[in-house]
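A closer look at the structure
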Amino acid sequence: MEATATVLDQLQNAAERLREPYSRLYTLLLRIAEAQPIASSAMLDLLYRSIEQGQVALDASLASVQEAKRDWNIL
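Residues numbered from 1 in each chain as written. Predicted model: local features only at pLDDT ≥ 70, side-chain atom pairs only at ≥ 80, totals over all residues. Heavy atoms only, no water.

Considerations on the overall build of the protein
Within the protein, the regular secondary structure consists of 2 helices and 0 strands. In terms of overall dimensions, the protein is more spread out than a globule: its C-alpha atoms have a radius of gyration of 17 Å, far above the 11 Å expected for 75 residues. Taking the principal axes of the C-alpha coordinates as reference, the protein spans close to 55 × 15 × 15 Å. When each of the 75 residues of the protein is scored for burial, the buried share is 16%. Across the protein, contacts joining residues at least 24 apart in sequence account for 65% of those joining residues at least 6 apart. In the form shown here, the protein has an accessible surface area of approximately 5,700 Å², with 59% of it arising from carbon and sulfur atoms. (Helix = DSSP H or I, 4+ residues; strand = E, 2+ residues; numbered from the N terminus. Rg over C-alpha atoms; globule rule 2.2 N^0.38 Å. Buried < 20%, exposed > 50% of the residue type's maximum accessible area, 1.4 Å probe, protein only. Contact = heavy atoms within 4.5 Å. Areas by Shrake-Rupley, 256 points an atom, 1.4 Å probe, with all protein chains shown as cover.)

Some words on the side chain of S50
Turning to its location among the elements, S50 is positioned in helix 2 (residues 41-71). The residues touching S50, leaving out its near neighbours within four places in the chain, are R24, L25 and L28.

Structural notes on helix 2
Helix length check: helix 2, at 31 residues, gives a terminal C-alpha distance of 45 Å against a target of 45 Å (1.5 Å per residue), a fit within 8%. Buried within helix 2 we find M43, L47, S50, A57, S61, S64 and A68. Residues of helix 2 that are buried sit in contact with helix 1 (2-35). Looking one or two places after helix 2, you find N73, whose phi comes out positive at around 55°. (Expected span 1.5 Å × (residues − 1).)

Concerning the environment of Q10
Secondary-structure assignment places Q10 in helix 1. According to the relative accessible area criterion, Q10 is partly exposed, its value standing at 27%. Remark: the alpha-carbon pair of Q10 and E67, spanning 57 residues in sequence, is separated by 9.3 Å. Not counting the four nearest positions on each side in its chain, Q10 is found in contact with S64, E67 and D71.

Below, the structure written as structure tokens:
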């Protein structure tokens, strides 16, 4: 039972890791859309950094999901 709780906690943490970059990306895209047609290069740089950070969070979360699948023998 404790092992299951640990795995579920890891999956919850993975979901939370993705929430922040998604929220940041969504907010930034709204700001860029509102600023069109003159979105600044600084805004675009923030967009690129947000995408990169989101990808890092996604990769970490995918690793957590793969580990959970191995723990539960569902690969």
